[in-house]
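# Report on the structure
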Amino acid sequence: MAELPIPEWAKELWGEWNLRAGILLSLILQLFLMLFASRRQRSRSSLLLIFIWLSYLLADWVATVCIGLIIKTQSNSCKDKGDDHVLAFWASFLLIHLGGPDTITSFALEDNEFWLRHLIALVLQVLVAAYSLFLTLPKNKLWFPTLLIFVVGTIKFGEKTFALYLASSDHFAETILPEPNPGPDYEEAAAIYTENKTAVLVRIRPDQTPNVANYPKEDRVFENEKEYSLDEKIKLVEEAHVFFKSFKGLIVGLLLSSKERESSRKGFLKRKPKEAFMLIEYELSFIYQVLHTKVVVVRQKIGYLLRFFSLLSMAGAFIFFFFVEKHKFGPLDVVISYSLLIGAIGIDCISVFKLIFSEWTLIAPVNNWWWWRTIVAKIALRGERWSGMVSQYNMISYCQHERQVIVSCVYKLGGYLYIRGILDRVKFWFYSTTETVDTDLKTFIFEQLRTKSSVARDLRRAMEACSERGDWALLETSNYIKLKWSVGEFQYAESLLLWHIATELCYNESPSLKGDQSRNICKLLSDYMFSLLVAQGSLLAPVLGNWHIVFQDTCAEAKSFFSKHHLVLHSECCKKIIGTKTDLRPAVVKGNISKSVLFDASRLAKDLGTNQWSLMSRVWVELLSYAAINCRPTVHAQQPSKGGELLTFTWLLMNHLGLGTQFYEQKVQDGTKMVAAK
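Residues numbered from 1 in each chain as written. Predicted model: local features only at pLDDT ≥ 70, side-chain atom pairs only at ≥ 80, totals over all residues. Heavy atoms only, no water.

Under an unreviewed UniProt entry, the name given to the chain is DUF4220 domain-containing protein, and the source organism is Cannabis sativa.

This is how it looks when you write it as structure tokens:
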């Protein structure tokens, strides 16, 4: 079969523009990442995340391809051609692009583990760019600005590689470990004892853990919970950084001492809910920046010097290029060169601005520069550090959507191709909604966790409190015997689905009353936890169990029930389910044939009645906290880069209240030192 001929004009156009278009695209990607990459910390927009992800992947690929095209073009062209000099100039800029902007070094935590790959790429691409410059010597009139940009590009690429290295799991743990302590000199002490034959033991007190000594132990309570002054916010940032330095070991599975636990616990027990959540928000922001940006590398003395040198070098390259004779260069190449220079300088200026006006500047030690900190704080502390939103989806709506003809056909096809999980996420993206995490919800969650923390004074009680997934709340009522089956006879995911459907039935059954906060909290947490089950299984993976079997059986029964009674409206479905007689336990009727919990939820809704919102809200906080504390820490660490999750806030808040599982008992014991007696 003959191949379709490509028109000559198309070949010429491609030959003329392939490299130039790639260079411009690389610059555009760098500008986009610089301006928008940090916004993913406070946005749940899937579209924004997709664009950032694509830009992150394309940026390295486009820059690498363009360097290859430059070498190919130089190898095929005549020597000492003016265009070759410009190409070598561009190759050095591509090193800067491979280094990327300060706002993003990794899109996901997994990217940090590939630091060795980036190190190899650094060596190879630097050699290629150097070879590109070498090919134009000795008659290259742009050798000096090319050399300046080459050095800057090598620095930028090296910064990114080192940031990835420091954020990788193994080496991140190394930054947390204390200084090695060999203890007293055994050889010297043994020699003294042998020579003198007599010695006394002097009892010494061990030093207190530095981190614990630095913990903020403020007894003050803000009178106004609604608004905080700038000075108070700065103080919260400082306190959050202290907690971050001590608790960041949780991310890599390190255990914290009971001394650290108790110090943090006492401080958080005295805090107001909004203040506690603000501390957690700032602390998670520090975690995000350390794991996904260049902040650790740049905010060092050598980092400041390199940044100053880079900006100065690029300014010098711009000035030299401005005065050099450019009659041998094409007009388009000159425009592209100026664009690269202005773009690189602009990106670096934005980086310096963000470097100065950030919360990291607020934690720097200062004496008489309080006025400067105030200016920085006004810019750095604007807005939230997370989206403040939670996803919402419910089981009844899920089953109704799946009954639609087109969706049903797609799901049947997906069943054969084993892609139902992907289809669930697509459907979730189309049909789910979001709700704001308001002050009432934050206050309720904090008060419930603080109540548990006040009781869990030691590690054993804390472990017991973390293992509760509804029992604690049920024990506070007279209906414990009647309702304990809903949490005691099922796995966690089954129990969560059971309570979710029961909450939906009760919510539809009872009228909305003004000021009924418990009812709204139940609905929001119920739909939030179900959305996590459907769309973010990695967050709940350790507690899912046979979730998929229970879920598909419950969906199948719900769809069959709706079809049988020709139910279309959401309210009609809820009324029919709760109106069905459930004198017999569904397990008695179905046996082991089906794991559906649809009519178990109907029984639970009837047992709860319509005035049990206070109880149900406490149960939902327990279900939330149980999932939060059992989620893998590395999965929690990933969430700040996706707009944040209430589940992650709950996890870190529980640890600060001493309700975590990563603590060990540390008793303060006296030590001894051998001293020769005279």
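### Overview of helix 29 (residues 547-564)
Along its 18 residues, helix 29 runs 26 Å from first to last C-alpha, staying within 8% of the 26 Å computed at 1.5 Å per residue. Where helix 29 is concerned, the buried positions are Trp547, Val550, Phe551, Asp553, Thr554, Cys555, Glu557, Ala558, Phe561 and Phe562. (Helix = DSSP H or I, 4+ residues; strand = E, 2+ residues; numbered from the N terminus. Expected span 1.5 Å × (residues − 1). Buried < 20%, exposed > 50% of the residue type's maximum accessible area, 1.4 Å probe, protein only.)

### Looking at helix 35 (residues 646-656)
Burial analysis of helix 35 places eleven of its eleven residues in the buried class, which makes it a mostly covered element. Those residues of helix 35 not exposed but buried are Leu646, Leu647, Thr648, Phe649, Thr650, Trp651, Leu652, Leu653, Met654, Asn655 and His656. Just past helix 35, the residue Gly658 takes up positive phi, approximately 80°.

### Structural notes on the pattern of salt bridges
Between side chains of opposite charge, pairing is possible as soon as their charged atoms come close. According to the stated counting rule, one finds 24 salt bridges in the structure shown. We note a salt bridge from Asp333 to Arg20, for which the minimum N-O separation is 2.8 Å. Here Asp333 is found in helix 15 (residues 331-356), whereas its partner Arg20 is found in helix 1 (residues 8-36), with 313 residues between them in sequence. Residues Arg265 and Glu262 are paired through a salt bridge, measuring 2.9 Å at the closest nitrogen-oxygen approach. With Arg265 and Glu262 both in helix 11 (residues 258-269) and three residues apart, the pair spans about one turn of that helix. Note on Arg265: relative accessible area 6%, which makes it buried. (Salt bridge = Lys/Arg side-chain N within 4 Å of Asp/Glu carboxyl O.)

### Concerning the UniProt feature "transmembrane region" (unreviewed entry) in the chain
Per the UniProt annotation, the sites labelled "transmembrane region" (unreviewed entry) are residues 17-36, 48-71, 87-109, 116-136, 142-158, 304-324 and 336-357. Between the end C-alpha atoms of residues 87-109 the distance is 35 Å, and the span holds 61% helix and 0% strand. The distance separating the terminal C-alpha atoms of residues 304-324 is 30 Å; by composition the span is 95% helix and 0% strand. (UniProt positions renumbered as here; feature names shortened; annotations may be inferred.)

### Looking at the environment of Phe551
By the element assignment, Phe551 lies in helix 29. Assessed through its relative accessible area of 7%, Phe551 is described here as buried. It is 8.2 Å that separates the C-alpha atoms of Phe551 and Glu494, two residues lying 57 residues apart in sequence.

### Regarding the packing of helix 26 (residues 492-509) against helix 33 (residues 613-630)
Contact geometry of helix 26 with helix 33 gives a least axis separation of 11 Å together with a crossing angle of 150°. When the axes of helix 26 and helix 33 are compared, the pair comes out roughly antiparallel. Read as a crossing pair, helix 26 and helix 33 show a hand that is left-handed. Side by side, helix 26 and helix 33 meet where Tyr492, Leu496, Trp499, His500, Thr503, Cys506 and Tyr507 of the first sit next to Trp613, Met616, Val619, Trp620, Leu623, Leu624, Tyr626 and Ala627 of the second. Here the residues of the contact of helix 26 with helix 33 sort into 13 nonpolar, two polar and no charged. (Axes fitted to C-alpha atoms, helices over the stretch in contact; angles between N-to-C directions. Parallel < 35°, antiparallel > 145°, perpendicular 65-115°, else oblique. Left-handed = near helix turned anticlockwise from the far one by under 90°. Contact = heavy atoms within 4.5 Å. Nonpolar A, V, L, I, M, F, W, Y, C, P; charged D, E, K, R; others polar.)

### Some points on the side chain of Ser486
Inspection of the secondary structure puts Ser486 in helix 25 (residues 485-488). Of the polar contacts made by the side chain of Ser486, one reaches the backbone oxygen of Leu483; its length is 2.7 Å. Residue contacts for Ser486: discarding those within four places in its chain leaves Leu474, Ser495, Leu498, Trp499 and Leu604. (Polar contact = N/O pair within 3.5 Å; in protein donor to acceptor, adjacent residues only side chain to side chain.)

### A closer look at unusual backbone geometry
In this chain, Leu137 is followed by Pro138 through a cis amide linkage whose omega measures 10°. In this structure, Pro138 sits in the loop between helix 5 (115-134) and helix 6 (143-167). The backbone of His566 shows a phi angle near 55°, a positive value even though the residue is not glycine. Within the secondary structure layout, His566 lies in the loop between helix 29 and helix 30 (570-579). Residue His566 is classed as exposed on the basis of its relative accessible area of 66%.

### Regarding the packing of aromatic side chains
For the structure on display, the rule yields 29 aromatic pairs. Above the face of the Tyr507 ring, Lys523 is positioned so that its terminal group lies 5.2 Å from the ring centre. (Phe/Tyr/Trp six-rings, centres within 6.5 Å; stacked < 30°, edge-to-face > 60°. Lys NZ or Arg CZ within 6 Å of the ring centre and 35° of its normal.)

### Description of the nonpolar core
The biggest cluster of nonpolar side chains holds 129 residues, and the ones touching the most others in it are Trp499, Met529 and Leu540. Among residues more than four places away in sequence, those in contact with Leu540 are Met529, Leu532, Leu533, Ala627 and Leu647. Within the second largest apolar cluster, 48 residues are counted, among which are Leu29, Ile67, Ile104 and Val324. (Core = buried A, V, L, I, M, F, W, Y, C linked by side-chain atoms within 4.5 Å.)

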